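Remarks on the overall topology
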Amino acid sequence: MNRVCGLTTAFALVLLAGCGQKKESGAKVQMKKQPFGKTADGQAVDLYTLTNPNGLEAAITNYGGIVVRLKTPDRNGQLADVVLGFDTLDDYLKGHPYFGAIIGRYGNRIAKGRFQLNGVEYKLAVNNGENHLHGGLKGFDKVVWNARDVSTAEAPALELTYTSKDGEEGYPGTLHVTVVYTLTPANELKIDYAATTDKDTIVNLTNHSYFNLAGQGEGDILGHELMINASRFTPVDAGLIPTGELRSVEGTPFDFRKPVAIGARINQDDQQLKYGNGYDHNFVLDRTGDGLVLAARVTEPKSGRVMEVYTTEPGIQFYSGNFLDGSNKGKGGKIYQRRYGFCLETQHFPDSPNKPNFPSTVLRPGAKYQSTTVYRFPPVK
Ligand code: GLA
């Protein structure tokens, strides 16, 4: 057992002994439910805090399925909250750049909010210039999900379900969506997505957590070292819509096959970096077959924290927090300046419904959309 877990478990055992519980039971798997406030239309929302036996904590609200807090240990066993967000529901309701939220029905952009399916043109809500972004005006990040505790003896788990009506934000078909967050004993926040439909439709779900492994609000993320398991990426046009090309990362600032600081090449004179205002691009993961593959690994040198991302998806959006501008006052009054957080959003490629050469995002009745992503926090040395 690593030093961090050993210390944390020992501490938990002392606490449990103090509570008069049996020592052999070890640290407990826990799920705590607290009221988190009400939406503008009066729906009650809760905050669920999941704790694993090593002391990791994930707090998730059923408003938007938002990961509000995620506490992981540094090399000295010190826990810090490594995701950006707010202390109150009201702050989330005021609007924000998708902090921690479930994104759907379609993660990232669909050009001009239009696509054709079975010869019919669908018009989606346009909410990002002339394009559709992250599910539209009221995407899955802004709806109240039904919540159910599905914890086991090994791991706390929260199941969220939502039914998106036929025509919502312009999408065809009634979509039943289930998202399960599990905090595993292996220090993983695992997200299992599933969906079914009653008409042909398109689906591309993700989570939009912004990470800062030094702790939320603790400076920019340019010194984090990033590895992305991708030999190709999808270049974009000025509106951040993929051109359709799968371009080699070789010799470009998009080559993260070996770990490199996020900031090392971010200001290079590069057309793609200009379009993105930094990194805001989909990477084509190197994979053989389906199943979970290591998509990315991030190391924060000062704290020693490491995060690995595994996914069943073909792509990952690396976004370097370019649009953060200090206007969001986050948890504990921290101000989130430009590049104070990064996102690694596992996904099918942006604008796939208009790109026949990209993997399909079509879901048909009788089929099941399934996708798994794991954010793993391995023991740090
Ligand atoms: C995604 C997009 C970005 C931006 C952020 C939210 O990562 O690709 O362009 O919209 O979400 O601000």
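Shown above is the structure to which this text applies.
This section reports on the structure supplied with the text. (Residues numbered from 1 in each chain as written. Predicted model: local features only at pLDDT ≥ 70, side-chain atom pairs only at ≥ 80, totals over all residues. Heavy atoms only, no water.)

1. Here's the deal with the site of the ligand
We apply this condition: By convention in this text, a residue qualifies as near a molecule or strand provided that one of its non-hydrogen atoms is within 4 Å of it. Here a polar contact is taken to be a pair of N or O atoms separated by no more than 3.5 Å, where protein atoms must pair a possible hydrogen donor with a possible acceptor and residues adjacent in sequence count only if both atoms sit in side chains. In these tables, accessible area is a Shrake-Rupley quantity obtained with a 1.4 Å probe, and a residue counts as shielded only by the protein chains included in the view. For this classification, Asp, Glu, Lys and Arg are treated as charged, while Ala, Val, Leu, Ile, Met, Phe, Trp, Tyr, Cys and Pro are nonpolar and the rest, including Gly, are polar.
Around the ligand lies a shell of 14 residues, among which Asn-108, Arg-109, His-134, His-208 and Asp-280 are the nearest. A distance of 2.9 Å is found between an oxygen atom of the ligand and a side-chain nitrogen or oxygen belonging to His-134. Glu-345 is positioned such that a nitrogen or oxygen atom in its side chain is 2.9 Å from an oxygen atom of the ligand. When isolated, the ligand has an accessible area of 300 Å², and the protein chains bury 95% of it. Split by residue class, the shell around the ligand holds seven nonpolar, four polar and three charged.

2. A word on the sheet that holds strand E18 (residues 230-234)
Through backbone hydrogen bonds, the strands of a sheet pair up, either in parallel or in antiparallel fashion. Note the following rule: Think of it this way: DSSP has to see at least two bridges between two strands before they count as a pair. Only DSSP runs of H or I covering at least 4 residues are called helices, and only runs of E covering at least 2 are called strands; the numbering of each starts at the N terminus.
Overall, antiparallel pairing links the five strands, which are arranged E19-E18-E21-E24-E27 in an open sheet. The sheet is open, and its two borders are formed by strand E19 (247-248) and strand E27 (343-347), each paired with just one other strand. Both E18 and E19 contribute to a ladder of two bridges, which runs antiparallel. Within the sheet, the bridge partner assigned to Arg-232 lies in E19 and is Ser-248.

3. Regarding empty space enclosed by the protein
The method is simple in principle: a probe with the dimensions of a water molecule rolls over the atoms, and the space it marks as empty is what remains. Keep this limit in mind: Lining residues are defined by having an atom within 4 Å of a point belonging to a cavity or pocket. Those points lie on a 1 Å grid over the protein atoms alone, cavities being sets where a 1.4 Å probe fits but cannot get out and pockets being open sets with protein on both sides within 12 Å along at least five of seven lines. Grid points are joined across faces, edges and corners, and a volume is the space filled by probe spheres set on the points.
With the rule as written, the count across this model stands at three cavities of 30 Å³ or more. Empty space within the second largest cavity amounts to approximately 50 Å³. Forming the walls of the second largest cavity are Asn-108, Arg-109, Thr-234, Val-236, Leu-240, Pro-242, Asp-280, His-281, Asn-282, Gln-317 and Pro-350. Broken down by element, the residue count for the lining of the second largest cavity peaks at three residues, all from strand E21 (residues 280-285). Taken together, the residues that form the lining of the second largest cavity break down as four nonpolar, five polar and two charged.

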